[in-house]
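# Reading the structure
Chain residues, written in single-letter form:
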Amino acid sequence: MKIGTPKEVFEGEARVAMTPDSALQLQKLGHECYVESGAGAMAGFSDAAYENAGVSVVKTAAALWKEVDIVAKVRPPSDTEAKRMQKGQTLISFFYPAQNEEQMALLAKKGSTVIAMDMVPRISRAQKMDALSSMANIAGYRAVIEAGNNFGRFFTGQVTAAGKMPPAKVLVVGAGVAGLAAIGTSVSLGAVTYAFDVRPEVAEQVESMGAEFVYLDFEEEQQDGAATGGYAAVSSPEFREAQLAKFRELAPEVDIVITTALIPGRDAPKLWLADMIAAMKPGSVIVDLAAERGGNAEGTVMDEKVVTDNGVTIVGYTDFPSRMASQASSLYATNIRHMMTDLTPEKDGSVNHNMEDDVIRGATVAHEGDVTFPPPPPKIQAIAAKPQEKPKELTPEEKREQEIAAFKAATKQQVTLLAVGGLLTLGLGLIAPASFMQHFIVFVLSVFIGFQVIWNVSHSLHTPLMAVTNAISSIIILGALMQIGSGSMLVIILAAASVFMAGINIFGGFLVTRRMLAMFQKS
């Protein structure tokens, strides 16, 4: 089929839904690729780069929309673009169906198919198509860069001849994809980073990245993120008051606040209030990633940067991914390509719109003349959401019975192995010469003793791989020791060399393991 990408008409949008690299991958699926002239210019992709990748460059948007079967875009279509959609044509873009019901109904009436990249279900299999996460990752990173651009000091602390400079203190509100990206960037720049989220289970992720999680002295049963699409659930009024009290405590201390609390389709909750802004130091910065839906901070102005009376800068830009257009386009185009891979299972250029597939069904909001939004819950989620049954606690008598049964089974297995081994040895002894049997018995004893002595050493003392190599080395040593008493000088020399080399391997293994463990010890 023919896939085309027009130039984005939204003012200031620099991203593009198809890159030369993604076009090469789409062609491997059997599709023909088209792009409007100049569509990738603001993202750094020239028409010549597309042509070199085998993409047909079309001069006008009108000609492109008439030519292709599938239109891949970034932003939702404008009214003009929606009118250009034809029956049987497929649109893949961000669409926000809950806020775009009129246009969704129009496209469904036309018989067009609409795949909303913002509706891709948040299940493991769909992560490669999760465009919201891709863009949120960039937004979180860029938010820290914008904060640094408006902050008058270093992020990291420094001690110089001119004086000592303390590190900046950064608070990230919300530890979703954007929040974690902001945390990672802030920590890497050397700032003292704090993070808060209403989901306490993300504390380990925050702390593993080098930030300090802000806990509340408040207990509330939190809704499982799986039930809310991976987003934080709405908190109770009591929890909100405890949360605001904690923010008021932190406001005078922090230099930079990055707020990321937003659930698609809802207005952003107000978390950083006017009194908190007033308590911040002059020169402090707030970057509000929820500005598009009203903002988490009071005083946020969408797409603008404002400075309060006490010198606090509030950044309300909504185009953070577009400010890194090349990177954002590459990630988004990859998301589109993965979606097309699922839509083209045979890689023959023929689209199979399987509405039984959780990912395709979840992302499809209009198909075959019908509005298919909202989608049913993913079947995978329903399975995962089943509460796990708590294992029954065994009584002492039951535990004893289990131990006896396990002992009997192990004993039976050992007796069987010994009987089989004895019979095999007896049979071998009947046909093999005596000299061979003497060496064979030495080998068997070496293997048995080596296994018992070395293999059962706890892996906390060395790695599992080291355990295997040490067990083999021990077999070599035991076999060599039994041959050192031989009357042949050649055998004695070879046995001594074997003991020496195997000993180096064992002791060297423990030495390497010790050095590895030392890497994880705090000095």
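Quantities reported herein were computed from a predicted structural model and do not represent experimental measurements.

Inspection of the entire model under this criterion finds eight aromatic pairs. Ring geometry for Phe196 versus Phe247: centroids 5.3 Å apart, planes at 85°, classification edge-to-face. With a gap of 51 residues between them, Phe196 in strand S10 (residues 192–196) and Phe247 in helix H9 (residues 237–250) connect regions that are remote in the sequence. Residue class for Phe247 comes out buried when judged on its relative accessible area of 0%. An aromatic cluster is defined as three or more aromatic residues linked by ring pairs; in this entry it consists of Phe94, Tyr96 and Tyr332. The ring of Phe10 carries Arg75 above its face, with NZ or CZ at 4.0 Å from the centroid. The side chain of Arg323 reaches across the aromatic face of Tyr317, ending 4.0 Å from its centre.

Turning next to the environment of Ala471. Position of Ala471 relative to the elements: it lies in helix H16 (residues 464–484). Judged by relative accessible area, Ala471 falls into the buried class, the value being 8%. The sequence separation of Ala471 and Ile449 amounts to 22 residues, and the corresponding C-alpha distance is 9.5 Å.

Our next topic: the sheet that holds strand S9 (residues 169–173). With respect to topology, seven strands assemble into an open sheet ordered S11-S10-S9-S12-S13-S15-S14, the strand pairing being mixed. Of all strands in the sheet, those bounded by a partner on one side alone are strand S11 (212–213) and strand S14 (305–307). When strand S13 (residues 285–288) meets strand S15 (residues 313–315), the two strands line up parallel, connected through three bridges. Pairing of Ile286 across the sheet is with Ile314, part of S15. Relative to S13, helix H6 (residues 131–150) is tilted by about 150°, and along the sheet it contacts strand S12 (256–259), S13, S14 and S15.

We now examine the pattern of salt bridges. The tally for this structure, following the rule as stated, stands at 19 salt bridges. The salt bridge partner of Arg15 is Glu13, with a shortest N-O separation of 2.8 Å. Notably, a salt bridge pairs Lys73 with Glu81, separated by 3.5 Å at the nearest N-O pair. Judged by its relative accessible area of 3%, Glu81 is buried. In this structure, a network of salt bridges that share partners links the residues Arg125, Lys128, Asp342 and Asp357.

The next point concerns the packing of helix H1 (residues 20–28) against helix H11 (residues 325–343). Between H1 and H11, whose axes approach to 9 Å, the crossing angle comes to 5°. The pairing of H1 with H11 is recorded here as roughly parallel in orientation. Here H1 contributes Ser22, Gln25 and Leu26 to the contact with H11, which in turn contributes Ala333, Arg337 and Met340. Class assignment for the residues of the contact of H1 with H11 results in three nonpolar, two polar and one charged.

Strand order in the open sheet made by the eight strands is S3-S2-S1-S4-S5-S6-S16-S17, with mixed pairing throughout. If you trace the sheet from one side to the other, it starts and ends with strand S3 (56–58) and strand S17 (370–371), each paired once. Two strands pair when backbone bridges link them, and strand S1 (residues 2–5) and strand S2 (residues 32–36) are joined in this way by four bridges, in the parallel orientation. Each residue of the ladder has a partner; that of Lys2, found in S2, is Glu32. Sheet strands touched by H11: S1, strand S4 (70–72), strand S5 (90–93) and strand S6 (113–116). Its angle to S5, the strand with the most contacts, is close to 140°.

For S10, the tally of buried residues reaches four of five residues, placing the bulk of the element in the interior. Looking at chain direction, S9 and S10 are connected through five bridges and run parallel. Residue pairing across strands places Leu171 opposite Tyr194, the latter belonging to S10. This β-α-β element, S9 to helix H7 (residues 177–188) to S10, shows right-handed connectivity. Pairing geometry for S10 and S11, over two bridges, is parallel. Bridging across to S11, Tyr194 finds its partner in Glu212.

Moving on, we get to the confidence of the model for the protein chain. Taken over all residues, the pLDDT of the protein chain has a mean of 88, while the share at 70 or more is 89%. For the stretch residues 223–228, pLDDT sits under 50, and the model shows seven contacts to residues farther than four places along the chain or on other chains. Long-range and interchain partners of residues 382–387, a stretch whose pLDDT sits below 50, account for zero contacts in this model, where long-range means more than four residues apart.

Rules used throughout
- Residues numbered from 1 in each chain as written.
- Predicted model: local features only at pLDDT ≥ 70, side-chain atom pairs only at ≥ 80, totals over all residues.
- Heavy atoms only, no water.
- Phe/Tyr/Trp six-rings, centres within 6.5 Å; stacked < 30°, edge-to-face > 60°.
- Helix = DSSP H or I, 4+ residues; strand = E, 2+ residues; numbered from the N terminus.
- Buried < 20%, exposed > 50% of the residue type's maximum accessible area, 1.4 Å probe, protein only.
- Lys NZ or Arg CZ within 6 Å of the ring centre and 35° of its normal.
- Pairing = 2+ DSSP bridges.
- Contact = heavy atoms within 4.5 Å.
- Axes fitted to C-alpha atoms, helices over the stretch in contact; angles between N-to-C directions.
- Salt bridge = Lys/Arg side-chain N within 4 Å of Asp/Glu carboxyl O.
- Parallel < 35°, antiparallel > 145°, perpendicular 65-115°, else oblique.
- Nonpolar A, V, L, I, M, F, W, Y, C, P; charged D, E, K, R; others polar.
- Right-handed = clockwise from strand over helix to strand, strands pointing away.
- pLDDT = per-residue confidence, 0-100.

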